[in-house]
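Reading the structure
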Amino acid sequence: MFRIGSGYDVHKLTENRKLIIGGVDIPYEKGLLGHSDADVLVHAIADAILGAAAMGDIGLHYPDTNNEFKDMDSLVMLGEIVDMINEKGFELCNLDATIIAQRPKMRPYIDQMRENIARVCKIDVSCVNVKATTEEGLGFTGSGDGIASNCICLLETR
């Protein structure tokens, strides 16, 4: 049996933070604000996977009220989530994600993001698609106030 999940995340851009997306430290004048490393792409992926498995969302498993998760590497969190769904009898088959940001340009970093995500999810890189788009200057992402990401994934029961 197959299960489909959808995930979405958004974080505000702010001074004095690293910009980490897909586990890649991207040189930029601002970074994403959040309790963890605020990796908006990985958070959307994690929520899609948890949703497909009907296991809630990352806030349920990694609440921002718990200091244990302060500044947590989101790839570590994603690896733990993949382990959780594997224990429940699910296997990740495929994921397709989009980063929504006016700037910086993501294309130079997407191949490394795909490799990072595939490694942590224990799937072939050919099963991971990451793309990026702008919003043509519209909305909070278009104005440079934040970055968003969405993801859809497919799980198979073993």
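Please read these numbers as outputs of a predicted model, since none were measured by experiment. (Residues numbered from 1 in each chain as written. Predicted model: local features only at pLDDT ≥ 70, side-chain atom pairs only at ≥ 80, totals over all residues. Heavy atoms only, no water.)

**A look at the pattern of salt bridges**
Per the stated rule, a full pass over the model turns up 7 salt bridges. Between Lys18 and Asp25 there is a salt bridge whose closest N-O contact spans 3.6 Å. Notably, a salt bridge pairs Asp71 with Lys70, separated by 3.9 Å at the nearest N-O pair. Taking the relative accessible area as the measure of exposure, Lys70 reaches 42% and is therefore partly exposed. Connected via shared salt-bridge partners are Arg17, Lys70 and Asp71. (Salt bridge = Lys/Arg side-chain N within 4 Å of Asp/Glu carboxyl O. Buried < 20%, exposed > 50% of the residue type's maximum accessible area, 1.4 Å probe, protein only.)

**Details of the sheet that holds strand S7 (residues 146–157)**
Taken in spatial order, the 5 strands make up an open sheet running S4-S1-S7-S5-S6, and their pairing is mixed. Across the chains shown, the open sheet's two edge strands, defined by having one partner strand only, are strand S4 (31–32) and strand S6 (128–133). By the bridge criterion, 6 bridges tie strand S5 (residues 90–100) to S6 in an arrangement that is parallel. The residue bridging Asp96 from the neighbouring strand is Asn129, located in S6. Sheet strands touched by helix H4 (residues 107–121): S5 and S6. Its angle to S6, the strand with the most contacts, is close to 145°. (Pairing = 2+ DSSP bridges. Helix = DSSP H or I, 4+ residues; strand = E, 2+ residues; numbered from the N terminus. Contact = heavy atoms within 4.5 Å. Axes fitted to C-alpha atoms, helices over the stretch in contact; angles between N-to-C directions.)

**Let's talk about the packing of helix H1 (residues 40–52) against helix H3 (residues 74–87)**
Packing of H1 against H3 brings their axes to within 10 Å, and their N-to-C directions diverge by 10°. Taken as axis vectors, H1 and H3 run roughly parallel relative to one another. Judged by residue contacts, Val42, His43, Ile45, Ala46, Ile49 and Leu50 of H1 engage Ser74, Leu75, Met77, Leu78, Ile81, Val82 and Ile85 from H3. Class assignment for the residues of the contact of H1 with H3 results in 11 nonpolar, 2 polar and no charged. (Parallel < 35°, antiparallel > 145°, perpendicular 65-115°, else oblique. Nonpolar A, V, L, I, M, F, W, Y, C, P; charged D, E, K, R; others polar.)

**A look at the pairing of strand S1 (residues 2–14)**
Remember that side chains alternate between the two faces of the sheet whenever the strand is regular. Strand direction decides the pairing type here: S1 and S7, joined by 11 bridges, are antiparallel. Residue pairing in the sheet places Arg3 in a bridge with Leu155 of S7. Taken together, the 2 bridges between S1 and S4 define a ladder with antiparallel strand orientation. Bridge pairing links Thr14 to Gly31 in S4.

**A word on a nonpolar patch on the surface**
A cluster of nonpolar side chains, contributed by Tyr8, Val10 and Phe140, occupies part of the molecular surface with about 260 Å² of accessible area. You can see Phe140 is positioned in helix H5 (residues 139–142). (Patch = residues over 30% accessible without salt bridge, like charges linked within 9 Å, V, L, I, M, F, W, Y side chains within 5 Å. Areas by Shrake-Rupley, 256 points an atom, 1.4 Å probe, with all protein chains shown as cover.)

**A short note on H1**
Taking 1.5 Å per residue as the helical rise, H1 with its 13 residues ought to reach 18 Å, and the 19 Å between its terminal C-alpha atoms agrees with that figure. The element H1 is extensively covered by neighbouring structure, given that 12 of its 13 residues are classed as buried. Those residues of H1 that fall on the buried side of the exposure criterion are Val40, Leu41, Val42, His43, Ala44, Ile45, Ala46, Asp47, Ala48, Ile49, Leu50 and Ala52. (Expected span 1.5 Å × (residues − 1).)

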